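# Topology and contacts: notes
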Amino acid sequence: MKNFFRKVAFGLKPEEKAPSDPLTWAQKQVETIPELNWKGKHIYSEKEMRKYWITQRVEEDRTLRKKYKNDPQGLRRAEKQLENDTGAKYWPTNEICMRHAEGIRSDNPVLAKLWYFWTNHFTISDTQRLPEFSTGAYHREFIRANMDKTFETMVQEATVAWPMIMHLDNKDNIGPKSESGRQEWRRREKKPATLNENHARELMELHTISPDGGYTQEDVQELAKIMTGWRPKWTKKSDQGTDIRFMSDRHEPGKKNVLGKTYKNGRKSLKIVIKDLVNHPSCREFIATKLCRYLITDHPTKEMIAPIIKAWEQSDGHLPEVHKAAIKVAFEYNDKYKKFQNPENWWLQTINMSGASYAYPVPEKKMDKFQLGILVSENLREPNWRLENIGYHPYKAKQPNGYSDISTDWLSTELIIRRLMYAKEAFHQYKIKDQIDDTIHEKIIRTNFDNPDKILKIVAKAKSNEEKHMILFNLPEVLRA
Amino acid sequence: MKISRRDFLKGTATSLFLAGFNLPALATSSRKKNLVVIMLRGGMDGLCAVPVIGDKNFEKRRKSILIEDTIKLNSDFALHPRLIGFNKCWNENTGTIVHATSIPYKQRSHFEGQNLMESGGKVPYQEKTGWVGRAMKLANLQGDGLALSLPMPLLLRGIPKNNNYFPTWGRLPRKDTLDLLKSVYADSSEDELLQMMNFIKKRKDEQMMGGTGGGDRQKNKNLARQAAKYLRKSDGPRVAVFEVNGFDTHAAQGGVDGTHTECLVEMDEIINNLRDNLQEAYKDTIILTVTEFGRTIKQNGGNGTEHGYGTAIFMAGGLLKKSQVHTDWPGLKRKEMYEGRDLNATIDARSVYASAMSTVFDLDFKRIQKDVFWGEELQNLSDKLFKT
């Protein structure tokens, strides 16, 4: 039974009492979206973060490259200073602190674990310097804030979120027959208006109906036409960093046909086509399967996904209901399946079960001392670097499909080396008093396992408390939940 | 552009004829032969890397992103001028390009395409193993694969006990800790974890945590140096797999200094550093590239290109027959292109891969065709491309 607290959350702290009704405990957490646990002072909106992004991009792409075109060393120095000036090395850790505080310090770790699921579903991959400035804020505003609404709302908002439009190139998706497409300057400057199918394809393949939805290349192109014109507002000075809106002069005129349905010319069609995609049977099946794969097993069964699909249908995709159904299925299959935990969830579980959440994430006090322009110290950069080194940085997925939820993708020599090293590092997050406390591992084990004696016996073979940490957090019982 | 399909077919007939006069290959079983695969993720633009010479259909569609000062390879094709490492191989008669080729995937999704370029199949996500892994299994090469990345790529799956190398900072735990975990994994029937622990124990003995160079240690150019050290050992791995990301240049693909070039240069550094550091073992090696698809001929409004179809394969190493651009060129007139927009693929890339593995693993082509690629129709190109 205690395994359930690791399956849907990050285990229990050494002194924590196990909730008497685990299912209700977990389900209650997903009903509403509380304020962030993190109380640091540098919490900015996605829009506010864009001004730093613009400075970074404009300076490095235009000013610096021209200014230092014959001085590579000067360029490198100037680039480093620019990163200090824009906070490029600070913001990611700051956002990770907010993200991880939800998992290991808040009263709703179950909600946090599902938040991480959705941020991966609506991945912003590592491109255009979005990880440094925008992705964390996008995760808070467009994903977490919509977790008490319908899936449709989340898709609608994520689709036209500025980082999503940027990362899937929809700003370059311009109707060839649109007003803008027919303008003389395009011929003169050799900038013809063309469709960019990237975002349209991912909206179907990754975000909603998946390839099981049976769309064709023509459907992708037609959806791309519907999406033409959704981009940052263009100004003479810069076409970057301004809000996303529908620019009718770039919209491909005429009716469009996606999956056999006709959509009118204009602004309103995007909303309607998203509604149709979200209500396609393949969409709920796809999401239900992904939820089960994340929480329960690599190979979800029809029986597993059925109650989630049913909850979806009854609630019109209301996410709290979908989540509650998924939690219930996880509860029912708790003893039957153990899911190998991805590196980020394993790290949070390790810190949480150790009881070192006073040291990780970096306390607000320390993060608040940051000032623009000054080199960010190593220990403030560590959480950001660690996630990359562990193979799971939520802002740095290489591709728009995010990270895998399949166990074998997390089994390799190097990844297991990382777990050994970081189990040791988790131990060193402890204050000295805990490091020398010879009962600490017994507490962790008795709180978190139904079969403490077997595990205690193995861990007792270690020579030091540090070694006990490395062994305990690499036992199959901990790697899987 | 002087080449035509007729010329190609004529040329093919000649080389087949000549092949008959080749002396039978000497017994090669005592030599350790290596295969290096570089996965180019995002869709490598074969016509940015290896542009066709004097084709107006091509030039007029790519006005702003045309590569200048290219290196002429033959009367029909040129090489991107920044591919210095590959050019060395070419000049030494150990560099080959296969052009107008692709895996048999004609949709335009990266994820499906990359899944298929690794699995070698035709239905996305259907296969759970990779074509290299299956061929290694056929050749009985357990424990001989090395991935230069954190997770294990699908390409190498299908045979257990592959290793990976992606150095970090820090020290491994002491031997007793590793032994204890190893015994726990054995007792809990955690086979995969047990295999990983065996590699870690071996790694500990070899002291290969860090490799060289501070911040550069995880960069491909360093990984290539380290991989070469392993590959040239007689008991080292037989297969190494690299990944280069970022070829998906929908915007700002640029010309000779653009974003596509940066990715090509990263690929070239791998080839160059392998060539330099493999030393004698370069003679017994095939390095080859794979990608999910090429890119559209026509540039888009953002000076980028869209997902396409036909592309090119780079190959280098002493097991290459000679420097050549091997192609059955389909042409770039509208009706010659795939769906009127992409370079067509006239050679199934898997024919090249099956032939390469037949050479490196000393396996009969037909066996690879049957057991690795499900008996699908593939062409044996071993005589044309490799020293057999």
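Predicted model, so just to flag it, every value in this text is computed and none were measured. (Residues numbered from 1 in each chain as written. Chains lettered and ligands numbered in written order. Predicted model: local features only at pLDDT ≥ 70, side-chain atom pairs only at ≥ 80, totals over all residues. Heavy atoms only, no water.)

## Side note on the overall build of chain B
Put simply, the rule reads: Think of it this way: any DSSP run of H or I at least four residues long counts as a helix, any run of E at least two long counts as a strand, and we number them from the N terminus. When a residue's accessible area, from a 1.4 Å probe over protein chains only, is under 20% of the maximum for its type it is buried; when over 50% it is exposed; and in between it is partly exposed. In this description, contact between two residues means that some pair of their heavy atoms is separated by no more than 4.5 Å. Computed by Shrake-Rupley with a 1.4 Å probe, the accessible areas treat only the displayed protein chains as cover when residues are assessed.
Secondary structure assignment for chain B yields 13 helices and eleven strands. The burial tally for chain B puts 62% of its 388 residues in the buried class. Long-range pairs, those at least 24 residues apart, make up 73% of the contacts in chain B between residues at least 6 apart in sequence. Carbon and sulfur atoms make up 49% of the accessible area of chain B, which totals about 15,200 Å².

## A closer look at helix α4 (residues 84-91) of chain B
Residue and element names in this part refer to chain B. Three or more residues of α4 are buried, namely Gly85, Phe86, Asn87, Cys89 and Trp90. Turning to α4, the residues buried within the fold contact β2 (71-72), β3 (78-79), β4 (95-102), α10 (259-278), β9 (311-316) and β10 (324-327). Once α4 finishes, Asn93 follows within two positions and takes phi at roughly 70°, a positive value.

## Points about the interface of chain B and chain A
Note: interface size is frequently given as the accessible area lost on complex formation between the parts. The criterion, for reference: Buried area: the accessible area, evaluated with a 1.4 Å probe, that two parts lose upon being put together, summed over both parts. Throughout this description, the term salt bridge denotes a Lys or Arg side-chain nitrogen within 4 Å of a carboxyl oxygen of Asp or Glu. Contacts described as polar in this section are N or O atom pairs within 3.5 Å, which, within protein, must combine one atom able to donate a hydrogen with one able to accept it, while residues neighboring in sequence count only if both atoms come from side chains.
Every contact between the two is made by 56 residues of chain B and, on the other side, 51 residues of chain A. The largest share of the area that chain B buries against chain A comes from Phe111, Leu150 and Leu180 of chain B, three residues that together contribute 15% of it. Linking chain B to chain A there are four salt bridges. Taking the shortest distance from any N to any O, the salt bridge between Glu467 of chain A and Arg174 of chain B comes out at 2.9 Å. Inspection of the chain B/chain A interface yields 18 residue pairs in polar contact (both at pLDDT 80 or more). At the level of secondary structure, the elements contributing two or more residues to the side of chain B that touches chain A comprise α5 (110-119), β6 (163-164), α7 (175-187) and α8 (191-206) of chain B.

## Describing helix α23 (residues 440-448) of chain A
Residue and element names in this part refer to chain A. Filter applied, for reference: The arc in question is formed by the directions pointing from the helix axis toward the C-beta atoms.
Among all positions of α23, only Ile440, His441, Ile444, Ile445, Thr447 and Asn448 are buried. One face of α23 carries all of its buried residues, which in axial projection span an arc of 165°. The secondary structure elements touched by the buried residues of α23 are α18 (343-354), α22 (432-435), α24 (452-459) and α25 (465-472).

## Notes on the pairing of β4 of chain B
Residue and element names in this part refer to chain B. To be explicit about the condition: Pairing between strands is defined by DSSP: at least two bridges between them are needed.
In terms of residue burial, β4 counts as a mostly covered element, since eight of its eight residues are buried. Pairing analysis gives six bridges linking β4 to β9, with the strands arranged antiparallel. When the sheet's bridge partners are listed, Thr101 is paired in β9 with Thr311. Strand direction decides the pairing type here: β4 and β10, joined by four bridges, are parallel.

## Description of the pairing of strand β1 (residues 34-40) of chain B
Residue and element names in this part refer to chain B. By the criterion of burial, β1 is predominantly enclosed, with seven of the seven residues buried. A two-sided burial pattern is seen for β1, the buried positions comprising Asn34, Val36, Ile38 and Leu40 on one face and Leu35, Val37 and Met39 on the other. The pairing of β1 with strand β8 (residues 285-291) spans seven bridges and is parallel. Each bridged residue has a counterpart across the sheet, and for Val36 the counterpart in β8 is Ile287. Taken together, the six bridges between β1 and strand β7 (residues 239-244) define a ladder with parallel strand orientation. Within β7, the position partnered with Ile38 by the bridge is Phe242.

## Some points on the side chain of His110 of chain B
In this fold, His110 of chain B is placed in helix α5. With a relative accessible area of 4%, His110 of chain B lands in the buried category. His110 of chain B has contacts with Glu202 of chain A together with Gly42, Asp248, His250, Glu292, Phe293 and His307 of chain B, leaving out every residue within four places of it along the chain.

## What about the confidence of the model for chain B?
Residues and elements named next belong to chain B. Going by this rule: How sure the predictor is of each residue is captured by pLDDT, a score from 0 to 100.
When pLDDT is averaged along chain B, the result is 88; 89% of the residues meet or exceed 70. Considering only residues more than four positions removed or in separate chains, one finds that residues 9-28, a stretch of pLDDT under 50, has seven contacts. Overall fold confidence for the complex sits at a pTM of 0.84, while the interface term, ipTM, reaches 0.91.

## Comments concerning the state of the cysteines
All names here are of chain A. As a reminder, the rule being used: In this description, a disulfide is simply a cysteine sulfur pair whose atoms lie within 2.5 Å.
Per the counting criterion, the structure on display carries zero disulfides over all chains. Of all cysteine sulfurs, the one in Cys292 lies closest to Cys283, which takes part in no disulfide; the gap is 15 Å. A relative accessible area of 0% places Cys283 in the buried class.

## Structural notes on the side chain of Glu344 of chain A
Residues and elements named next belong to chain A. Mapped onto the fold, Glu344 is located in helix α18. Looking at Glu344, the relative accessible area reads 1%, which means it is buried. Beyond its immediate sequence surroundings of up to four residues, Glu344 is in contact with Arg99, His100, Tyr116, Leu387, Tyr392 and Pro394.

## Comments concerning the environment of Lys298 of chain B
All names here are of chain B. Along the chain, Lys298 falls in the loop between β8 and β9. The partly exposed category is assigned to Lys298, whose relative accessible area is 46%. Put simply, Lys298 and Ser183 are 115 residues apart on the chain and 59 Å apart in space, counted from C-alpha to C-alpha. Leaving out residues up to four positions away in the same chain, Lys298 has contacts with Arg61, Gly304 and Thr305.

## Side note on the packing of aromatic side chains
Residues and elements named next belong to chain B. To keep things clear, this is the line we draw: Two rings belonging to Phe, Tyr or Trp (six-membered ring only in the last case) form a pair when the distance between their centres is within 6.5 Å. Interplanar angles under 30 degrees mark stacking, angles over 60 mark edge-to-face geometry, and anything in between is tilted.
This structure, assessed with the given rule, holds 32 aromatic pairs over all chains. Ring geometry for Tyr309 against Tyr338: centres 4.9 Å apart, planes inclined by 55°, an arrangement best described as tilted. In this pair, Tyr309 sits in the loop between β8 and β9 while Tyr338 sits in the loop between β10 and β11 (347-348), placing the two residues 29 residues apart along the sequence. By the burial criterion, Tyr309 is buried, and Tyr338 matches it.

## Things to note about the packing of helix α15 (residues 281-295) of chain A against helix α16 (residues 302-315) of chain A
All names here are of chain A. Heads up, the condition is: Throughout, an axis means a line fitted to C-alpha atoms (over the contacting stretch in the case of helices), and angles, computed between N-to-C directions, take values from 0 to 180 degrees. Any angle that falls under 35 degrees is termed roughly parallel, while one over 145 is termed roughly antiparallel, one within 65 to 115 roughly perpendicular, and all others oblique. Two helices cross in a left-handed way if the nearer one is turned anticlockwise from the farther one by less than a right angle. They cross in a right-handed way if the turn is clockwise. Asp, Glu, Lys and Arg are counted as charged, while Ala, Val, Leu, Ile, Met, Phe, Trp, Tyr, Cys and Pro are counted as nonpolar; the rest, among them Gly, fall into the polar class.
For the pair α15 and α16, interaxial distance at closest approach is 9 Å and the crossing angle is 125°. Taken together, the axes of α15 and α16 are oblique relative to one another. Relative to α16, α15 is oriented so that their crossing is right-handed. Of α16, the residues touching α15 (which contributes Cys283, Arg284, Glu285, Ile287, Ala288, Thr289, Leu291 and Cys292) are Lys302, Met304, Ile305, Ile308, Ile309, Trp312 and Glu313. The class makeup of the residues in the contact of α15 with α16 is ten nonpolar, one polar and four charged.

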